[in-house]
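# Overview (structure and organization)
Spelled out from the first residue to the last, the chains are:
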Amino acid sequence: MAKQKLVLIGNGMAGVRTLEEVLKLAPEQYDITVFGAEPHGNYNRILLSPVLAGEMQVQDIILNDLDWYAEHGITLHVGKRVTQIDRIGRKVIAADGTSAEYDRLLIATGSQPFILPVPGKDLPGVIGYRDIADTQVMIDTAASKQHAVVIGAGLLGLEAANGLILRGMDVTVVHLGEWIMERQLDKTAADMLQASLEAKGMKFRLAHQTAELLPAADGRVGAVKFKNGEEIPADLVVMAAGIRPDTALAEAAGLHCNRGIVVSDTLQTITDPRIYAVGECAAHRGIAYGLVAPLFDQAKVCANHLAQMGIARYQGSVTSTKLKVTGIDVFSAGDFMGGEGTEAILLHDRSGGVYKKLVLKDNTLVGAVMYGDTVDGSWYFQLLREGKDLGELRDHLMFGQSYASSHLGDTGHAGASSAASLPDSAQVCGCNGVCKGSIVKAIQEKGLFTLDEVKKHTKAASSCGSCSGLVEQILASTLGGAYQAVDTTKKAICGCTDHNHGEVRQAIREQKLLSIPQVMATLEWKTPNGCATCRPALNYYLVSTWPHEAQDDPQSRFINERAHANIQKDGTYSVVPRMWGGLTTPAELRAIADAAEKYQVPTVKVTGGQRIDLLGVKKEDLPKMWEDLNAAGMVSGHAYGKSIRTVKTCVGAEHCRFGTQRSMDLGVKLEKMLFAMWSPHKVKLAVSGCPRNCAESGIKDVGIIGVDAGYEIYVAGNGGIKTEVAHFFCKAKDDAEVMEISGAFLQLYREEGWYLERTVHYVSRVGLDYVKAQVVDDQENRKALHERLLYALQGEPDPWAEITQGPRRKEFIPITLVA
Amino acid sequence: MSQWKAICRLDDIPRLGAQVVAHPEGDIALFRTADDWVFALRDKCPHKGGPLSQGIVHGERVTCPLHGWNLALETGEACAPDVGCAKKFPARVEGGVVLLEL
Ligand code: SRM
Ligand SMILES: Cc1cc2nc3c(=O)[nH]c(=O)nc-3n(C[C@H](O)[C@H](O)[C@H](O)COP(=O)(O)OP(=O)(O)OC[C@H]3O[C@@H](n4cnc5c(N)ncnc54)[C@H](O)[C@@H]3O)c2cc1C
Ligand code: SF4
Ligand code: FES
């Protein structure tokens, strides 16, 4: 089928984000053409303020450089303004005559600064504040002129004024309202903000109306005249009195506009379903948003629809505001003024420079405004969006998240946004001993913006990665609006290649690649033999895609999988024999006890996985100990692998008075079926005999719960770093069906999961519906998957026996020097 | 006084792998690269003492198994941004035999 043609008008933040989302969902569906009036790739408009303030450079704020468009096969027309949409001929035409046909059209033309209709508005030196060009004019003017006037004391106006002051100009902010930022702040917070901006040298004329802009002798703007007759000098006038959705083009094409291009919940224009609009130019349920967070939500939904998934709906967004003036913290969200039917909780410490007002309605949080101390901003914002009854939380609300949660236990928000409230001394990365203070310092001093950069410079999150989420929150709270979470789905595996996990898996399957050197040669790896990140991934992809054919490479496995034991901090190892379904016998326990004594094991522990761990074993003793355990009939528990780990069971119908199904029996059968299964990440199962669920089936990769009529199967739960409750998958009538469905689900994950992606991440990437379609609905496919799993695992040896009886045994014994 | 000592055959060390040599002053890790160069470092990571011999060898580097530092096999120096050094021992291969200067 020929590809459909998608045309984007407006190469800005909302439009390009939509394209990124489309490429993620349906990379092959469209031939894409982009028209952008500005002569640049897509950049982060938000960060124009730090550029103006001299805190960043233009090149730092580029989001998609020209290579990005080329890489994705997108035709980009930069510096070309579209002047006509021909809806009948289905094409768009630019000012220079360039045209492009479309099957689907996306309009994302953003806004135009509102220019006050006063005499003199067209004089040189009068500008809006919208793009790189405006920013450059301000920077250039500041280098040679003295007086600047900013009209409008909103977010944009104050950021412009702050930047111009830092560049040495004398700046006056003119504002019609009674106080500054009246759409975001109440009077008390605004007065405090004004005082601290005045301390930086900013001057204010509040409740002043501009009547006219007067020219200077050189023909440029020279002064601002107010309605009351007063005049002040102005070599530069920045109009920041608001923005107007840029709808001229759409209106000319007959699309219905009313304070923006009117769109439905799928971001389609209500006039023409082939045409979509996102971003500041679009009016959804009467609102045209002017901040990026809602625009990104729109982009997601719009892309979902363009990719013909057609399930997402945009329902509108609640927004919050932060001012990006270094050293000043202001936050507001929701209905911060309050009024009829609301009550306010207030904290005002004038000399300490802290003000907080929380507005409540029917015991839910509906608004917040804060000055000075805004660490809890994101927490309040979350409470506000959730709109939950505050309950007991109310009494502690004002004191912030860390206080409230320490007094109420886990309020259900733990971790979600706790980063901001952590003290600097709190350890964030346990692996590398990095505390919050040093991460914040590195972000600020070295100008870091991404998780990868923080990893490189501080080592935080560079090892087990469990603190990545927290580091991202710290980035977000340190950078504020400047933070953009990276999209991991399209990231290259590592620095050795430009290919991502999906592409590499596909190449291995489609071109039948069978060894790591072959993959590296075919996909043009940039390093001779990869690194510790890509080699284990490649090794897994090979053995899982081509079982019994691809060569397993022990040297490309992490030490735990190479030595079949977990390495400890002192370089010793741990030994965990398999106890099928958590069941053992006196004979096995005796053999374990004997081994523990014989090899002087310092610690013997019952694990969280229903078996016994012997910790602190010297590497050279491992093969001997395995031999002893093998002799007693025990095999490796794979407690070290990206592999099947444990199948936990409860006592079940075998003994329990409530049990409806024989859970121990089924657990043992499942564990035997899955023995020695390698997977993208570890895999844990549980079988409970009844819904009391004593084996914790609700947080397992596959969890099974016995019910009267058979079993319920749950998938993609996780009990680790971030606890995720498993999703209900389907019912099964008997043991055989449970085994087939569980096996098929795990085989799908083995074939499609990315290395180090657990089932929870895999399922959230591809969607539960997709997985159900493959495994539950399509019975043929289910059978085929299950058979492929059984084939892959057929004849897999016990890794312990393989080592003790094979040539690799000598790797475990150090060479001793003879004198 | 240091002198060259024959330690093992080249084939006793897996390619892109390592072998441990027990030494009274602390273990030594002998690494073998893809193109059969051999390097020797004290088997102790400058970070927290991890056994480097158990790491993954790539190019002329090894990644420590405990927290992922990368060290240059040639010099023992940690790769930026980490700083530290594992002691290096001269090593060479002669007629399929690995020699170490101790
Ligand atoms: C031994 C054991 C703790 C214990 O004494 O009980 C354990 C020990 C380790 N766990 Fe665990 N986990 C153990 C049960 C669990 C459980 C509970 C369970 O399985 O029911 C969980 C939560 C359930 C889950 O996985 O969803 C658990 C979640 C983790 C995680 C977080 C995984 C996640 O996806 O969020 C890690 C980190 C990782 O794998 O990247 C981890 C990693 C580790 C490692 C392997 C860290 C490492 O890489 O060295 C620990 C090895 C210690 C050592 O030095 O030998 N361990 N770990 C448990 C072994 C069970 C077994 O018999 O095999
Ligand atoms: C200085 C500044 C600071 C900001 N700070 C924040 C902040 O802290 N937080 C926040 O959330 N938001 C902030 N914003 C707002 C945010 O940048 C915008 O909401 C966002 O960029 C809007 O995205 P968009 O894609 O709708 O429009 P834009 O990013 O403006 O993109 C529209 C693009 O379309 C082009 N275009 C228009 N018409 C045509 C045509 N006919 N043909 C071809 N191309 C055309 C325009 O040239 C423009 O490049 C800030 C904005 C500015 C200017
Ligand atoms: S055993 Fe698990 S929870 Fe305990 S310290 Fe190690 S990784 Fe952390
Ligand atoms: S001990 Fe080697 S990286 Fe930590």
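What you see is a predicted model; the values in this text were computed from it and never measured.

## Describing the overall build of chain B
Secondary structure assignment for chain B yields 0 helices and 10 strands. Moving toward the C terminus, one meets the helices and strands of chain B in the order β-β-β-β-β-β-β-β-β-β. The contacts of chain B with a sequence gap of at least 6 include a subset with a gap of at least 24, amounting to 39%. Of the accessible surface of chain B, which amounts to about 4400 Å², a share of 50% is contributed by carbon and sulfur atoms.

## Comments concerning the overall build of chain A
The helix and strand tally for chain A stands at 25 helices and 39 strands. For chain A, the proportion of its 819 residues judged to be buried stands at 53%. Put simply, of all contacts in chain A between residues at least 6 apart along the chain, 61% involve residues at least 24 apart.

## Observations regarding the packing of aromatic side chains
Residues and elements named next belong to chain A. Scanning all chains against the criterion turns up 10 aromatic pairs over all chains. Relative to W800, the ring of W626 has its centre 5.6 Å away and its plane inclined at 5°; by these criteria the two rings are stacked. Of this pair, W626 sits in helix α19 (residues 622–631) while W800 is found in helix α25 (residues 799–804), placing the two residues 174 residues apart along the sequence. In this structure, W626 and W800 share a single accessibility class: buried. A network of ring pairs unites the aromatic residues Y540, Y541 and Y755 as a single cluster. The side chain of R244 reaches across the aromatic face of F114, ending 4.1 Å from its centre.

## Considerations on the confidence of the model for chain B
For chain B, the mean per-residue pLDDT works out to 94, and 99% of the residues sit at or above 70. Reported for the predicted complex are a pTM of 0.55 and an ipTM of 0.71.

## A closer look at unusual backbone geometry
Residues and elements named next belong to chain A. With a phi angle near 50°, R259 is a residue other than glycine that sits in the positive phi range. Along the chain, R259 turns up in the loop between α7 (248–252) and β20 (261–263). Positive phi is not limited to glycine here, since A716 has a value of about 65°. Relative to the helices and strands, A716 resides in the loop between β37 (710–715) and β38 (727–732).

## Some words on the nonpolar core
Residue and element names in this part refer to chain A. With 50 residues, the main nonpolar core has L158, L164, L193, L197 and V238 as its most contacted residues. If you list the elements that add at least two residues to this core, you get α2 (48–52), α4 (132–144), β12 (147–151), α5 (155–166), β13 (170–174), α6 (187–199), β18 (236–239) and β27 (364–371). Sort the elements by how many residues they give to this core and α5 lands first, with 6 residues. Leave out the neighbours within four places in its chain, and L197 touches L158, I180, M202, F204, V325 and I328. Residues L19, Y69, A250 and I275 belong to the second largest nonpolar core, which totals 47 residues.

## A closer look at the site of ligand 2
All names here are of chain A. As a structural note, the neighbourhood of ligand 2 is formed by 33 residues, with A14, E38, R130, E280 and K324 the closest of them. Contacts to ligand 2 include M13, whose backbone N or O atom sits 3.3 Å from an oxygen atom. Contact with the protein chains removes 93% of the 990 Å² of surface that ligand 2 exposes when unbound. Elements that contribute at least two residues to the shell around ligand 2 include exactly α1 (13–25), β2 (30–36), α5 and α8 (292–306). Among the elements that take part in the shell around ligand 2, α1 stands out by supplying 3 residues, more than any other. A per-class count over the shell around ligand 2 returns 14 nonpolar, 10 polar and 9 charged. For the shell around ligand 2, the domains that each give at least three residues are domain 1 (4–112 + 245–306) and domain 2 (115–241).

## As for the sheet that holds strand β7 (residues 91–94) of chain A
Residues and elements named next belong to chain A. The 3 strands are arranged β6-β7-β8 in an open sheet whose pairing can be described as antiparallel. On the outer flanks of this sheet lie β6 (82–86) and β8 (99–101), each paired with one strand and no other. With strand direction ignored, the average angle separating the axes of adjacent strands in the sheet is 15°. Summarising the sheet, β7 and β8 pair through 3 bridges and their orientation is antiparallel. Note that in β8 the partner of I93 across the bridge is S99.

## What about the confidence of the model for chain A?
Here chain A averages 90 in pLDDT, while 95% of its residues score no lower than 70. Predicted confidence for residues 408–417 of chain A stays below pLDDT 50, and this span has 21 contacts to residues more than four positions away or in other chains.

## Let's talk about the pairing of β27(A)
Residues and elements named next belong to chain A. Buried residues dominate β27, accounting for 7 of its 8 residues. Examined bridge by bridge, strand β24 (residues 330–334) and β27 share 5 bridges and lie antiparallel to one another. Counterpart to F331 in the pairing with β27 is M370. Pairing of strand β26 (residues 354–361) with β27 involves 7 bridges; the strand directions are antiparallel. The residue of β27 that forms the bridge with K361 is T364. Hairpin connection from β26 to β27: 2 residues lie between these consecutive antiparallel strands, with D362 at a positive phi of about 50°.

## Here's the deal with the packing of α1(A) against α8(A)
If you want to describe how two helices pack, look at the angle between their axes and the distance between the axes. Residues and elements named next belong to chain A. Contact geometry for α1 and α8: axes closest at 8 Å, N-to-C directions at 40°. If you check the angle between α1 and α8, you find them oblique. Crossing hand, α1 versus α8: right-handed. Along its contact with α1, which presents M13, A14, R17, T18, E21, V22 and L25, the element α8 presents V292, L295, F296, A299, K300, C302, A303, N304 and L306. Class assignment for the residues of the contact of α1 with α8 results in 11 nonpolar, 2 polar and 3 charged.

## Looking at the pattern of salt bridges
All names here are of chain A. Under the criterion given, the structure shown has 39 salt bridges over all chains. Between K526 and D498 there is a salt bridge, and its shortest N-O distance comes to 3.0 Å. Of the two residues, K526 sits in the loop between α15 (516–522) and α16 (534–545) while D498 sits in the loop between α13 (468–479) and α14 (501–510), which places them 28 residues apart along the sequence. Comparing K526 with D498 shows no difference in burial state: the two are exposed. With a shortest N-O distance of 3.8 Å, E740 and R782 are connected by a salt bridge.

## Topic: the site of ligand 1
All names here are of chain A. Close to ligand 1 lie 22 residues, the nearest being T607, G608, R611, K682 and R758. Within the side chain of K684, one N or O atom sits 2.8 Å away from an oxygen atom of ligand 1. Within the contact set of ligand 1, an oxygen atom lies 3.3 Å away from a side-chain nitrogen or oxygen of N718. Counting only elements with at least two residues in the shell around ligand 1, the list comes to β33 (612–617) and β34 (644–649). Of the residues assigned to the shell around ligand 1, the class counts are 3 nonpolar, 11 polar and 8 charged. Residue-level mapping places the shell around ligand 1 at the junction of two domains, with at least three residues from each of domain 4 (559–634) and domain 5 (642–799).

Each value, and the rule that gives it
- Residues numbered from 1 in each chain as written.
- Chains lettered and ligands numbered in written order.
- Predicted model: local features only at pLDDT ≥ 70, side-chain atom pairs only at ≥ 80, totals over all residues.
- Heavy atoms only, no water.
- Helix = DSSP H or I, 4+ residues; strand = E, 2+ residues; numbered from the N terminus.
- Contact = heavy atoms within 4.5 Å.
- Areas by Shrake-Rupley, 256 points an atom, 1.4 Å probe, with all protein chains shown as cover.
- Buried < 20%, exposed > 50% of the residue type's maximum accessible area, 1.4 Å probe, protein only.
- Phe/Tyr/Trp six-rings, centres within 6.5 Å; stacked < 30°, edge-to-face > 60°.
- Lys NZ or Arg CZ within 6 Å of the ring centre and 35° of its normal.
- pLDDT = per-residue confidence, 0-100.
- Core = buried A, V, L, I, M, F, W, Y, C linked by side-chain atoms within 4.5 Å.
- Near = heavy atom within 4 Å.
- Polar contact = N/O pair within 3.5 Å; in protein donor to acceptor, adjacent residues only side chain to side chain.
- Nonpolar A, V, L, I, M, F, W, Y, C, P; charged D, E, K, R; others polar.
- Domains from an automatic or database assignment.
- Pairing = 2+ DSSP bridges.
- Axes fitted to C-alpha atoms, helices over the stretch in contact; angles between N-to-C directions.
- Parallel < 35°, antiparallel > 145°, perpendicular 65-115°, else oblique.
- Left-handed = near helix turned anticlockwise from the far one by under 90°.
- Salt bridge = Lys/Arg side-chain N within 4 Å of Asp/Glu carboxyl O.

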